[in-house]
Amino acid sequence: NKLMKRFDPTERIGVNATERIITKNLGWIFREQSIADVGIDAIIEQVENGEPTGKFIAIQIKSGIGNFYRNEKNLTYYVSNVHYNYWLNLNIPIILVAHLPDEDETYWQEINLENLKKSKKRWKIEIPFKQQLNEKSENPLSKILSIKNDSQFDVYRGKADSNDINDIVEDIKSISDATVCINNITAYLNHQTTETD
């Protein structure tokens, strides 16, 4: 029998690698989110000429090849219905970061309607190997900052898009955590925007 590990550093390695790239290579601000884990690991803030701009991007970080299906061109990540609804209803842009510790490579993809594709049971998003997270990411990340508007946070968009009892149970269990997460992020963004102003 395979022994259970009491500590697996893989996720921590992914967060640390992403923070290093954001702060060192991009020169932006990285703020880890120490709140309920329902789909956001950190918020990054754009910095221009040493000045924070008050423009934010949310990040979900997945570390380790075991989270993905791999082919020659990209990594594929499968998404539950609750994360699909949660991510698309955020009022700031969100990206998915994939860190591969064995190769020390980090890639990213914007999470949006265009990039999320329906699979047989859930959703999937492809992260191309050509889209590494590094200093060259600054321009494409800056472009997505203006895509989202200031609409209110919403966890769900209509009815749960599933007849699968497991998905429905997962959705119900996540509502409380998602509400806490949304309230914390809203307060945080309001505070940061006020400070920047």
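Look a little higher up for the structure.
These remarks concern the structure in this document.

### Examining the pairing of strand β2 (residues 42-48)
Thought 1: In terms of burial, β2 is a largely internal element, six of the seven residues being buried.
Thought 2: Looking at chain direction, strand β1 (residues 29-32) and β2 are connected through four bridges and run antiparallel. If you follow Arg31 over to β2, its bridge partner there is Ile43.
Thought 3: In the sheet, β2 pairs with strand β3 (residues 51-63) via six bridges, with the strands oriented antiparallel. Across the sheet, residue Glu48 finds its bridge partner in β3, namely Glu51.
Thought 4: If you look at the hairpin formed by β2 and β3, you'll find two residues sitting between the two strands, and Asn49 has a positive phi there, around 55°.

### Considering the pairing of β3
Thought 1: The pairing of β3 with strand β6 (residues 94-100) spans six bridges and is parallel. Across the sheet, the residue bridging to Ile59 is Ile95, located in β6.

### Regarding the sheet that holds β3
Thought 1: Pairing is mixed in the open sheet, where five strands are placed in the order β1-β2-β3-β6-β7. Two strands lie at the open edges of the sheet, namely β1 and β7 (105-110), each paired on one side alone. Neighbour to neighbour, the strand axes of the sheet diverge by 30° on average, direction disregarded.
Thought 2: Contacting β1, β2, β3, β6 and β7, helix α1 (residues 10-26) runs over the sheet at an angle of about 155° to β3.

Here is what the cut-offs are and how they apply
Residues numbered from 1 in each chain as written. Predicted model: local features only at pLDDT ≥ 70, side-chain atom pairs only at ≥ 80, totals over all residues. Heavy atoms only, no water. Buried < 20%, exposed > 50% of the residue type's maximum accessible area, 1.4 Å probe, protein only. Helix = DSSP H or I, 4+ residues; strand = E, 2+ residues; numbered from the N terminus. Pairing = 2+ DSSP bridges. Axes fitted to C-alpha atoms, helices over the stretch in contact; angles between N-to-C directions. Contact = heavy atoms within 4.5 Å.

Keep in mind these numbers describe shape, not what the thing actually does.
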